Amino acid sequence: MAYPYVHASEVRVISRNFGDPAARTLEGYRERGGYRGLTRALEIGPATVIDEVKASGLRGRGGAGFPTGLKWSFMPRAAVKPHYLLCNADESEPGTFKDRELIRWDPHQLIEGCLIAAYAMGSRHAYIYLRGEFFEASQVIARALEEAYGAGFAGADILGSGTHIDVTAHVGAGAYICGEETGLMNSLEGRRGEPRVKPPFPAAVGVYSMPTTINNVETLAAVPHIVEHGGEWYRQWGTDKSPGTKLFCVSGHVEKPGNYELPLGFPMMELIEDVCGGVAEGRTLKSVIPGGSSVPLMDAEDCRECTLCYEGVEAAGSMLGCASVIVMDDRTDIVREVRRMVQFYAHESCGQCTPCREGTSWMTQVLRRIEAGRGSESDLDTLLDMSAQMTGTTICVLSDSAAAPVVSSIEKFRDEYLALIHRGESAEVA
Amino acid sequence: MSTVTLTIDGRQVTVPEGTSLLHAAQEIGVEVPHYCYHPALSAPAQCRLCLVDVEGAPKPMPSCVTQAQDGQVVRTDDGLAREMRKGVLEFYLINHPLDCPICDQSGECKLQDYVHSEGRAHGRGIEPKRVFGRDDFGGDVLFYGDRCVMCTRCVRFMEEMAQDPVLTVVERGDRAVIDTFFEQGLRDSPYAGNIVDICPVGALVSKDFLHKARAWDLDHTPSVCPNCSQGCNIDIHTRDNVVHRLKPRENPEVNGHWMCDYGRGRYEWMNRGDRIEEPFVRGDGGWSAPGWHAALASLRERLEACRGPVRAVAAAHASNEDLAALRELMDRLGGGDIVYRSPRAPDEVPLPGFPVLTRRRDLAPNTRGAELLGLRRVGSDDATGGLEEVAAGAGALIALADELADQPEDFGSRAELFVYLGAHPAPAARSAHFVLPVTTFAEQEGTFTSVQTRVQRFEPALRAAGHAQPAWQVLGSLAASLAGRPAPASASEVFDRLAAGVPEYEGLSYDRIGARGTAVDRPAALAGER
């Protein structure tokens, strides 16, 4: 049972069944303690479930880190309209591969989390929105749903409690922007995957114009454990502001990339050097993107004292995001990496808002020109100007995400840009 | 209704609760630039041009969807808001072809206007531009993808107003482009021409108007659409005394911001060159052109001498003033029957998202006005036939504005006196004793009464052809002279006399009617119910 790599520092709560194919079946899941959280939830009632989640301090694992219990309490109490729970399984942030593993190895854990959350918010229907590329995961979750319905965990009269909750898995068509919560809602409704203007917020007007809460896969996967063991139990790990454990998706130039579940507040250098075996022999660390491609780059200096919790990474000048740690060693051409990321955003921009639609592709073109040695120093000012115009000016934060690596890389690796720019100049002279 | 008071650009404004910042700013005369917002359509807040700086907000807010709050301090014109607009406008120009010199929208283009007033003096984009090319959407609409600013007004018009969602955005990012489903085009959607009007730039242009005139050379004259009885408020756009296009003029009670393609496309007749330009009198020695003074003096004599019944055929294209003058002359001559013929379509064509606006069955603009003056409709739905009775008798016969195209050449030959007043030569008028040139509605001032019994004014957009005079002037001066009164000096004076005689118009005057018309206090009868 050697899920790609494991490490002694790990605290495997939600990833305990990774690498264990038997846990995929209902029987295997129950043998490992599954569905006890749901049973307890039905005993203690919705209000207490929300209190436990609030007490745990669980924060949204999709990137924004919003307190989950608080989010749940925004849902209107009165059940005048249908309420919906959406599980965001459109994991598309470059560098992120935790939700896929949570679904592949432990589908029932997610289904149980969905059922508890739906129960707590008075929702009779939960949707699991999977990204189009998750073919295997969609098959696994479909099989697990069949089992759950068959055993009376989902559907009408759950475990004889009279509660009715349906869970539907829906496969999107594969667009980054459908991971944005309102874009996901539009896509689920059969519209173009374009984010909606907020307000109104999903808790008031969400999918099908009904009160909706949307949670990430990892958030919901933690819920059964919190409900089973209590909110205080979850706080034994992590920091005061970032309690609990978190999956870290480490990719890039490390010896042992992979998913590692660690208590929040874990030192970044320990993750890279100890847990992941460090960068290749003879190489040095150059830069880390700590939370998926949407967050600012850090240089080696920033990483030294950084702890991996929401407040820790913020103090180091970036964001924890969804904890997708992309490690780059000294072989990396930063300008090329940044261009590659911005190009991704240009491709994935939905095209609604002008700054994003035009800005992302313009940025790509300017970065390509610099890469090709045809840039000038004024291009850097233009890029920074563009970034400012693309930050906080659009409906969703896709354009902010595209701007973040540009700004941070110009700030931290300006020399690399200048080298490319002046290499071009000297070549022309020669 | 509760109100909120806020400060915009240092000035206090009080607006009803729920008002958007964009509207609140309009209240004090501040126009926040915008593309995607249109008052009649939903607001997607995606053009990001109407962003304003709201004190205390974490980021600039789209003023089209942000509601005004009590005590809010909003800045639209300095610092952050201006910087944001400058930036967004630069983004708009990255892929815009800047082909203003050959673009029909030039001069009435919001991109041009905004960039001129607050954009960067010099663009920094040196990369090759994305090219979409041109697409024929069918009907009168041509799409220039490169000029598009992706405001999606056209998509939302077709969805929300025409309720015929044939337009959509395909692809995403900067590859996003407006298109029709599998090249099916607009499929002759009867209101599709409006997307050309609401397109803030030159992406959607009219094929009919393509390269005909520059926007700044056009004169705009407020008028009323003459192509059905709905009475859509329009502007007639003319250049050098030629009508080039009709555009809807906003009137929330009649046509909103819209007009139908049927009405929009039928203006060429206003430019007809075959006009009667002088009054003609037929005497023993054949036709002569003695000038208005002599012709009217002679006509007056003949009318006084004429014994027997007087009959008239008029057209419901004539204004209330023309018809009222005809009625008064008839009354002066001892009374008589006035009939009219008008074309009728088989169906009404409503605009589903704004059903007040309907292309009516009655295709003449003033059938309601004709009826209020006691005119009787004859003939068939294609405005032919029905004149046997009128043509049969002796006595005097007056034909006004009906070209009598279906009538035989000896029409009116049995009348003791046959007077033809028209804009265009009519073969059926060769038996006439007097052929008097009158102006079309586009060359005179007047009113039409719409199907909703709404009286609406129109103004002259063209110079009169030759010596043509408004029919109210010709007929009104004859009636006045027979009554020993001074001739009417203006259409407004004729209307005042009309208002005194017709109960429905009681108390109305041109001033009271105003620029957007006045509904006469009577329930609107639907076409076909009459």
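Predicted model, so just to flag it, every value in this text is computed and none were measured. (Residues numbered from 1 in each chain as written. Chains lettered and ligands numbered in written order. Predicted model: local features only at pLDDT ≥ 70, side-chain atom pairs only at ≥ 80, totals over all residues.)

Our next topic: unusual backbone geometry. For the peptide bond that leads from A:Lys198 to A:Pro199, omega is -5°, which places it in the cis range. As for its position among the elements, A:Pro199 is in the loop between α8 (181–188) and β4 (212–216). In this model, A:Pro199 is joined to A:Pro200 through a cis peptide bond whose omega is 0°. Relative to the helices and strands, A:Pro200 is located in the loop between α8 and β4. Phi at A:Ser209 takes a positive value of approximately 65°, unusual for a residue other than glycine. Tracing the sequence through the fold places A:Ser209 in the loop between α8 and β4. Although it is not a glycine, B:Arg48 adopts a positive phi angle of roughly 60°. Structurally, the position occupied by B:Arg48 is in the loop between α1 (21–27) and β3 (51–54). Taking the number of C-beta atoms within 10 Å as the measure of exposure, B:Arg48 has 29 and is therefore buried. (Helix = DSSP H or I, 4+ residues; strand = E, 2+ residues; numbered from the N terminus. Buried ≥ 20, exposed ≤ 12 C-beta atoms within 10 Å, placed from the backbone.)

Now for the interface of chain B and chain A. Each partner contributes residues to the interface: chain B has 25 residues there, and chain A has 24 residues. Within the side of chain B that touches chain A, the residues separate by chemical class into 14 nonpolar, 5 polar and 6 charged. (Contact = placed C-beta atoms within 7 Å. Nonpolar A, V, L, I, M, F, W, Y, C, P; charged D, E, K, R; others polar.)

Right, let's get into helix α7 (residues 292–305) of chain B. Residues and elements named next belong to chain B. The terminal C-alpha atoms of α7 lie 20 Å apart, and with 14 residues this matches the ideal 20 Å at 1.5 Å per residue to within 8%. If you check which residues of α7 are buried, you get Ala 295, Leu 296, Leu 299 and Leu 303. Along the axis of α7, the buried positions cluster into a sector of 90°, meaning they face one direction only. Across α7 from its buried face, at more than 90 degrees, point the exposed residues His 293, Ala 297, Glu 301, Glu 304 and Ala 305. (Expected span 1.5 Å × (residues − 1). Arc of directions from axis to C-beta.)

Residue and element names in this part refer to chain B. Looking at chain B, the pLDDT average stands at 94 and 98% of residues meet or exceed 70. Scored below 50 in pLDDT, residues 523–530 shows 11 contacts in the model against residues more than four places distant or in partner chains. This prediction of the complex comes with two scores: 0.94 for pTM and 0.92 for ipTM. (pLDDT = per-residue confidence, 0-100.)

Here we take up the domain arrangement of chain A. Residue and element names in this part refer to chain A. By domain assignment, chain A separates into domain 1 (21–234), domain 2 (245–329) and domain 3 (334–429). Here the C-alpha centre of domain 3 lies 36 Å away from the C-alpha centre of domain 1. Each partner contributes residues to the interface: domain 1 has 10 residues there, and domain 3 has 8 residues. Among the residues making up the side of domain 1 that touches domain 3, the classes are represented as 6 nonpolar, 2 polar and 2 charged. (Domains from an automatic or database assignment.)

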